Structure formats: C-alpha cells, structure tokens
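Structural overview for review
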Amino acid sequence: MSNLQRTSRFYYGWIIVGIVFATLLISAAISSVPSVLMLPLEKEFGWGRSDVSAAASIRILLYGLMGPFSAAFMARFGVSRIMLLSILLLVISIGFTPFITEIWQFIIIWGVLVGLGTGSLANVLGVTIANRWFVKHKGLVIGMLTASAATGQLLFLPLIAQATSLWGWRFAIYAIIGALLLLVPLIGFGMRNHPSDIGLPVLGEETVVKPAPFTGNLFMTPIRALGSAAKSGTFWLLAGTFFLCGFSTNGLIGTHLIPACGDFGIPLVIAAGLLSLMGLFDLVGTTLSGWLTDRFDSRKLLFWYYGLRGLSLIFLPFALGSGYTQLLIFSVFYGLDWIATVPPTAKLSSDAFGKEKAGMIFGWIVVAHQAGASAAAYGAGVLRDLLGSYTVPFAVAGFLCLFASIMAMRIRKSKSAVAAAVV
C-alpha cells in the first residue's frame, strides 16, 4: 500500500486536510451559537447582554488557553484521539443546554465546557496538520484550515438563526449535536496522525521520517515553551498584533454584530446573513492569504490586512445607520480580511521558533488572540448597556487595528529569535 501511495499523484495529506477542514467548520459553527441566542435568551429569561457576553468571553478565553496544551496532547496521544475526545465532550455538554433555566448554567456549559472542547479543535490543530504533512504548500494549507474555522462560525449563522426563528433555539441546539455526531465516523476511519503512519514522506520532502516521540511533561512543556519564547521581542510583537486581531474579529463582530443590527431594526435572519456573507468572502480571502504567504513578506501582508480592517471598522457605525447597501459593502470588504492574518502570523512564528515547537508557541500566540477576543466580547456588551450603542467599541477597535499594522512592520524578518526561543 505504501508503494502505491508513493507512486500515486494524489497525496493522502489532502484527505487529512479535508477531514480537518470539515471538523473545524462544524466546531467553529458552535462558536456562533451564543451570538444567535443572545436575543432569544434575553426575551425568554430576561438575561442582559452582558450576562450572555460573559459566557462568550469565558469560552473565547478558554478556547485560546487550550491551544498550547492541546498541541502537547496531540503530540503524546495522537491527533485523531484528541479530536474524538473533544467532540464527545461537546456532544455531552451541549446536550444539556435545552434544559437550562439559570444564567450560571449557561455560563458553565457555553463558557467553560464548550470553551475546553472547541479549544482542542482550533487554529493549533490546523497548524499542527500543516507542519506534520506539508513543507510544500504549507502556507496554503494553513490558509484553508484557518478559513474553515472562521467561515464555519459565519456560514452556519443564517441556518442557526432560521432554525431558531422557525422552531426555537432548542431545535438549533439539537441540529448542532447532530452535525457533531456526523464527524465521528469521518475522523475514526479516515484520520491519520502522521504521514509516516502510512509510509509517506512529508509533502515536499523525499524520505519518510517518523516524528520524534513526545517525552516532556504534558503541562510543563508548553509552559517552558512560553518561557523561552517570551525572551524574544518577535514573540511579543506577534502576540500583541494577534491580541488586536482577536479584539477586532470574533470577540467584537462575531459576538455583537447581530445584536448591533437589532438596535437598528434589522431582522435576525438578515443580520445573520450578513455574517454568513463575510464567511464566504473570508474563505476566499484567507485561502488567498495562505497562497500569498508562500510568496511574499508576511510582515507587509499583515500591515495591509490590519490597516484595511481598521478602516472598515471605523466605517461600520456609519454603515449601520445608512441602510443595507452600506452594510453589504462592509460585509464584503471586512469578510475578505476577517482572519487573513493567521497564515502570515503562523509562518512568522514557525520561521522564528522552529518547526518542532511551532504548534505550542503558536498556541500561546493564539491565547493572546483569544484574550483580545474575550476582552472585546465582554467589554462591548458592557459599553452597549452603558452607552446604548456599539459606536464606541467599533471605532476603538478600528483605531487599534491601525496601530497593529504599524506593529507588524516591527517584526523581525530573520530567524534570529530561534536561539533565544527553542527549548
């Protein structure tokens, strides 16, 4: 079988990419649920937006914090096993949602448990797969898998919103559980942990090389990786720009655009449709970003991505009050740039800190991303309750993105950080 696969033009790694793409797509769809449920839960239970935002904030933060440890667990126990365990946790925890009656129950399920489950099916998974299976086309693969995570969060929004409007939010929860269960046989039968498991080399290399066994402590090794990476200014610039990336994407727009549209009388399904449109354009933009990352200076790409995103967020308050045409323009423009920052950030991280530690160190950079998203998810809800609108948080996020574009150009292009950062 291995000889057949070696001579075949088709590389099995692309099947792995397809399985992970579908997994990240559905996992990310789960992240969009609190945004859709915010108004129905407010109506049924009288919970404020800051209450529901608190659950979203905790989930986003844990989603990031799981990344470095998830990378270590995948190295020790295998990718497919961790994927299946994460899906099992999500199915069990989400299954209790239709029976909740108190806000603390919602926070435990959608803040803590869903945060832990989705955190293992996050950007770190995509980077791990790209590093294990690809040298050639690595940037493109990271772009595709990153796009699946962001696109899934947005693409399923109108479906979840429509199901919620027609049959209630509990039906939407059962639909999510059904989608998760469909992933189990796909991962169980098709997933492989490393190309050497089926006698293949990494794409772009000639020889089959087995990965070095993971011998460190599952909890201390990621922390030591953080300690060594923190000695490098490159790490802090990558983490700082990614903090602002999270602040301006899933934490702010992903959580609050639908309720912001509701403030202007825009129906739930139409608002979800705008986010879905962003998801479609994000699929194009982030995949294209991966292709560009293989060919151009990642720092310059980040400069343009953050700068253009900042301008679009400054434009958003005007678009909300001006009608559907302006919102459509925003959705297309912003969607192309939704999370196009991930491929160049991941490449800069891998170049600076080496392939072996890339998963764990990029996981810590993702923690910064999710910390920014968490701050925006909760902070924007609080400011909306205090000020009566989202104008201030949208404008602040826009100007912070302009600052991030300047930070990106300060990142070192060379690999001089390696000596300081490798454990």
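Residues numbered from 1 in each chain as written. Predicted model: local features only at pLDDT ≥ 70, side-chain atom pairs only at ≥ 80, totals over all residues. Heavy atoms only, no water.

1. Considerations on the layout of surface pockets
Leftover empty space is mapped by rolling, across the atoms, a probe with the size of a water molecule. Of the volumes computed, that of the second largest pocket is approximately 200 Å³. Sorting the residues of the lining of the second largest pocket by element identifies α4 (49-77), α5 (79-94) and α6 (103-119) as the ones contributing at least two each. Grouping the amino acids of the lining of the second largest pocket by side-chain chemistry returns eight nonpolar, four polar and no charged. (1 Å grid on protein atoms, 1.4 Å probe; cavity = no way out; pocket = protein on both sides within 12 Å on 5 of 7 lines; lining within 4 Å. Points joined across faces, edges and corners; volume = space filled by probe spheres on them. Helix = DSSP H or I, 4+ residues; strand = E, 2+ residues; numbered from the N terminus. Nonpolar A, V, L, I, M, F, W, Y, C, P; charged D, E, K, R; others polar.)

2. Points about the packing of helix α14 (residues 268-293) against helix α15 (residues 298-320)
Contact geometry for α14 and α15: axes closest at 10 Å, N-to-C directions at 150 degrees. Judged by the inter-axis angle, α14 sits roughly antiparallel to α15. Between α14 and α15 lies a crossing of right-handed hand. Residue-level inspection shows S289, L292 and T293 of α14 in contact with α15, the latter providing S298, L301 and Y305. Taken together, the residues that form the contact of α14 with α15 break down as three nonpolar, three polar and no charged. (Axes fitted to C-alpha atoms, helices over the stretch in contact; angles between N-to-C directions. Parallel < 35°, antiparallel > 145°, perpendicular 65-115°, else oblique. Left-handed = near helix turned anticlockwise from the far one by under 90°. Contact = heavy atoms within 4.5 Å.)

3. Examining helix α9 (residues 157-167)
When we look at burial in α9, the residues that qualify are L157, P158, I160, A161, A163 and T164. Residue G168 follows α9 closely and has a positive phi angle near 100 degrees. (Buried < 20%, exposed > 50% of the residue type's maximum accessible area, 1.4 Å probe, protein only.)

4. Considerations on the packing of aromatic side chains
Scanning all chains against the criterion turns up 17 aromatic pairs. Centre to centre, the rings of F45 and W47 are 4.5 Å apart; their planes meet at 15 degrees, and the pair counts as stacked. Overall, the relative accessible area of 23% leaves F45 in the partly exposed class. Considering the side-chain rings of Y390 and F394, the 5.7 Å spacing of their centres and the 20 degrees angle between planes classify their relative orientation as stacked. For F394, a relative accessible area of 0% puts it in the buried group. Three or more aromatic residues link up through ring pairs in this structure, and these residues are Y11, Y12, W14, W133 and F134. (Phe/Tyr/Trp six-rings, centres within 6.5 Å; stacked < 30°, edge-to-face > 60°.)

5. Points about the side chain of S196
Its place among the elements puts S196 in the loop between α10 (169-190) and α11 (220-229). For S196, the residues in contact, after removing those within four places along its chain, are V208, V209, K210 and P211.

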